[in-house]
Structure formats: structure tokens, C-alpha cells
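Understanding the architecture of this molecule
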Amino acid sequence: GPKLVMGETGVPAPPLKHHQHHLPAASAFANSDSSLKFTHVLYNLSPAELYEQAIKSNRGSFITSTGALATLSGAKTGRAPRDKRVVKDETAAQELWWGKGSPNFEMDERSFLENRERAVDYLNSLDTVFVNDQFLNWDPENRIKVRIITARAYHSLFMHNMCIRPTDEELQNFGTPDFTIYNAGQFPCNRYTNYMTSSTSININLARREMVILGTQYAGEMKKGLFGLMHYLMPKRGILSLHSGCNMGKDGDVALFFGLSGTGKTTLSTDPNRFLIGDDEHCWSDDGVSNIEGGCYAKCIDLSREKEPDIWNAIKFGTVLENVVFDERTREVDYTDKSVTENTRAAYPIEYIPNAKIPCVGPHPKNVILLACDAFGVLPPVSKLNLAQTMYHFISGYTALVAGTVDGIKEPTATFSACFGSAFIMYHPTKYAAMLAEKMQKYGATGWLVNTGWSGGRYGVGKRIRLPYTRKIIDAIHSGELLTANYKKTEIFGLEIPTEVDGVPSEILDPINTWTDKAAYKEALLTL
């Protein structure tokens, strides 16, 4: 590899010594052309320095009117789950979930090393690389040290925001990382390498504690790759890793929010009257809950100051905006524009949210809230779950998307994502579900299923349950009001429905009341 120099390319490098000609033949393998050059390592730069690097040397970076760094991720504007590979060695073959339904596609050690060599060779060929040393998990006892090596300033700033930022003293004593990412996303993988299905490949080797990225510059691959790592490491320590939002009331009552895209997880967990512990990734240990990350990765499509003021105000200096469109002269962002992608994103440090709880840890959760946007309109707005039901709905990870047009009517489609995050889990879903039930039982948490979808008929017939009603339901869960309510049982799912909730019309609590055609309701319920 090349000689490494700390600092910018403008800094003069020490002179290269010429090799003697009478070295033994073996040295032909030890030396290469890249060992005759220098690569400058820019180590844990500040946001201001990364802005300068992005503007100076990376085309496609711009400063918006509010001071955020707007960037483009190239051809890939979302994750490539079909191109993610995990090395299937003896240990992984026994431990991980493989086969039908699993997010883990296999590769062998040799193919991994070929991709790793390709990524490292690419990074070695550059004049400058960025290195971040950071932490995962706010629980100091179970913190993971990660090193991220990237070619783009925007990737370095993204990870600076998303991982936990070490102090200067922690950096000096950082030592050897527990996990390393080699992000050579600007360079494709070799499609003729075994197991490759395209020019994109994201590879994880759990034995080597390494991840290699080729052929995609989408920054979310790094974030979710590390989340997969935590889904592997934490359960080994008896700690449950969760794809959830988490907040805490003034009295220390913690709630976990699970839900797929479009269910309202971010909206409902960001509550002005409660402290935000985190928006996406958490651990539940014997000491309580902790956020895995140091930042938030918020969707920006149709973002407005009225609907989501906290996210709107967090888009300022230091924030990375991914794939947004802005006015060429004023640099004002148009959040309704989806011409690059619908998956526009903002990544910012969690401190940018005014009511974030720092450090991002809390006591054991009192409530576990599973959110579903039911476009079939048959699930109650709220129901109380026993432990077996909580496990069932957690493994199902149900929501209904509205997509595909037939004769002008959009048909609802049921979608399921095990543990509300099947793309990131490493073990079989039942392992996580059993751990969730065990922790809920041990620490006295209550499970709730909340429907943020339709009522009075399916999509196109009924109406979406009003957000103020859902907020009242969530408030009643937090306050403990629903623990003392009267309940009745539904057919099919056997859900416990409260007969009244403060501030919510009682007739909507049992969905059959809102359907004019009762037979159609029963049929739709059976179908689901």
C-alpha cells in the first residue's frame, strides 16, 4: 500500500527513498507502484472542514439556503438489499438465518477477499481518503468502536452525524476498532467475481469484523450495515437490538415505537411533551434502553415547517441533505420535488432536536407500541396485546401499502417485515421475538397495536383515522389511562379494545361500528 500522510494534500510529504537494486527476488511481491506514492489521510475532520473538502474536491456538493450540505448519491438513491452478501463460514452457517425470507445472501471468504482487495486498491489509488473513528451504542458498557474509511467528504460527514462522536480524549485512546468499513462505493465490483449479481456489492464478514462497499454511493448502506452488525453482536450479550423509535416522559416512562414506512413512527415518537431518546435504532439491556446512533436520518419528501417543525429546524449547518432538489440561484430546497428520488433524506446529529435526551439512554420501557397503517380498515385504532399477541404481531410486522392501480382504484397490498425490520436482522425472527417477550415480562411492559390507517371501510371507501385521534390514543397509553379502561374482545384476532378513550369518539374504537356494510367488514377481516 501507499505511504500514509496525516493531513491535506497541500502538506509536503517526506521524500521517497529509492530501493536498492540488489534486493532478493521476493521483494518483487512486497513492493508495488502504489507503495511509491502518498495517500493523505484526513482523520475525524470537523463538519466545517468536511464542507470545505466536499466543495473543493467532490463535485455534486452544494450549500443550501439554510446552511445544510446538499449532495447526490449517484445512480443508487436507496439501499440495494439484493446485493448485500454475508460471508457464510462455519460459524455463520450455524448461527445466522439463511434461506427463504432471510435478508442474508451468502458469499464465500475468497470472494469477500477479492472484493476487499478491489476496494482497498481503489482507496490506495486516491490522493486523499477520509477516516472516521466513532462509537455505536450510548450504553458505555456495550459500546462498539467503528472505523469508517471513505473516499467522499459527504460520506465522512454523514457518518460523523449518524454515529456517536468521540471526545478528543476518547480519540487519543481509541485503540483498535471492533469493526471497519471500506467504502469504495464510487468503484464497481467485478461482475465476474463469484456471487456477484450486478456492479454493486455490499459485503459483511463477521469473522474479520469488516464491511466492503462497491458500486453504490448511497450513504444509508453504511448506517444499515452497522445496524446489521448490532443485530448480530448484541443478542450474544443478552441485549435486544430493535428497529424502533423511543421517547421518554417527564416522569421517566419510556415507550418504544415500531412501524414500517408510512405508519407514523417518526411523527408519533417525535412528541414536544416528551424527550427523544432516538428515532430508529435501539438496544434493550438489563440496564434499560440506549440509542445505537448519534444522529437521525429523516425522510424529507413533502417536509413542511407546520407538519414536522423539529426536523425542519434541524436542517442547518452540519446537516447532510441527500438527493434533494433546490433552486439554482437561491439554493432554497423544494421538498415536494421527487425528480431525483422519493427517498430524499436529511442526516443530522441528535442534538439538533431541541428535546433530545443526552446521553441517549433511559430506564426500561413501560409501553411497546406496534404501529400498522391498515388500508383494509379492519384493525381497531388501538388494542391491548398480551405477550403471545405481541410476539405474533412483532414477527408479522404488518402494514398495508396503497399501490398498483386497477380501473382507477388503488388496491391495498398487505406487506410484512419480520420484527419491523427484516432487511437488517441476522438471526431468525423468533429469536428476537422471544427476547422481546422475555424483557417485557421481566420489566412489566405492556404491548399495544395501534392502527394509523383506515376506518369505516378500506382505502377508497373509508377515511384515514385522524392524526389528532391517534395522538390522543398515544397520550392515553403514556399516561396509563388505558391500563384501567374497560375492554371487549374482537373476533378473529382476539384483540382487546377499550370502550372509551379520552378525546376520541367511542364509536370508532370498534371498527365494525364504522362500516355500513357489516358483512363486507367480516369478509375483509377474514381476508387479512
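Looking at an unreviewed UniProt entry, one finds the protein named phosphoenolpyruvate carboxykinase (ATP), with Alloteropsis semialata subsp. semialata as its source organism. As recorded by UniProt, the Catalytic activity (unreviewed entry) comment attached to the protein reads in full: "oxaloacetate + ATP = phosphoenolpyruvate + ADP + CO2". Check the Subcellular location (unreviewed entry) section of the UniProt entry for the protein; it says "Cytoplasm".

Description of the packing of aromatic side chains
The full count for this structure, using the stated rule, is 16 aromatic pairs. Between Phe 394 and Phe 420, the ring centres sit 6.4 Å apart and the planes meet at 45°, which makes this aromatic pair tilted. Highlighted residues: Phe 394 in helix H10 (residues 387–396) and Phe 420 in the loop between strand E27 (409–416) and helix H11 (429–443), separated in sequence by 26 residues. With respect to burial, Phe 394 and Phe 420 carry one shared label: buried.

Section: the sheet that holds strand E16 (residues 281–285)
Taken in spatial order, the four strands line up as E12-E16-E17-E23 in an open sheet, and their pairing is antiparallel. Each edge of the open sheet carries a strand with a single partner, namely strand E12 (240–243) and strand E23 (361–362). Relative to strand E17 (residues 288–291), E16 runs antiparallel, the two being bridged by four bridges. Within the sheet, the bridge partner assigned to Cys 283 lies in E17 and is Ser 290. Sitting on the sheet, helix H7 (residues 220–236) touches E12 and E16, and the angle it makes with E12 is about 150°.

With respect to the nonpolar core
Ranked by size, the top nonpolar core spans 114 residues in total, and within it Leu 96, Leu 226, Trp 284, Leu 321 and Phe 394 carry the most contacts. Looking at which domains feed residues into this core, each of domain 1 (38–55 + 78–237) and domain 2 (361–527) gives three or more. Counting 19 residues, the second largest nonpolar core, distinct from the first, contains Met 107, Phe 112, Leu 123 and Cys 189.

Quick look at the side chain of Ser 111
Within the fold, Ser 111 resides in helix H4 (residues 109–125). When sequence neighbours within four positions are dropped, the list of residues in contact with Ser 111 reads Thr 193, Asn 194 and Tyr 195.

Quick look at the pattern of salt bridges
Counted by the stated rule, this structure contains 20 salt bridges. Arg 143 serves as the salt-bridge partner of Glu 170, at 3.1 Å between the closest nitrogen and oxygen. Taken together, the residues span a long stretch of sequence, with Glu 170 in helix H6 (residues 168–172) and Arg 143 in the loop between strand E7 (128–136) and strand E8 (144–150) at a distance of 27 residues. Owing to a relative accessible area of 26%, Glu 170 belongs among the partly exposed residues under this scheme. For Arg 143, a relative accessible area of 33% gives the class partly exposed. By sharing partners, the salt bridges in this structure join Lys 223, Lys 224, Lys 265, Asp 280, Glu 281 and Glu 293 into a single network.

What counts as what
Residues numbered from 1 in each chain as written. Predicted model: local features only at pLDDT ≥ 70, side-chain atom pairs only at ≥ 80, totals over all residues. Heavy atoms only, no water. UniProt positions renumbered as here; feature names shortened; annotations may be inferred. Phe/Tyr/Trp six-rings, centres within 6.5 Å; stacked < 30°, edge-to-face > 60°. Helix = DSSP H or I, 4+ residues; strand = E, 2+ residues; numbered from the N terminus. Buried < 20%, exposed > 50% of the residue type's maximum accessible area, 1.4 Å probe, protein only. Pairing = 2+ DSSP bridges. Contact = heavy atoms within 4.5 Å. Axes fitted to C-alpha atoms, helices over the stretch in contact; angles between N-to-C directions. Core = buried A, V, L, I, M, F, W, Y, C linked by side-chain atoms within 4.5 Å. Domains from an automatic or database assignment. Salt bridge = Lys/Arg side-chain N within 4 Å of Asp/Glu carboxyl O.

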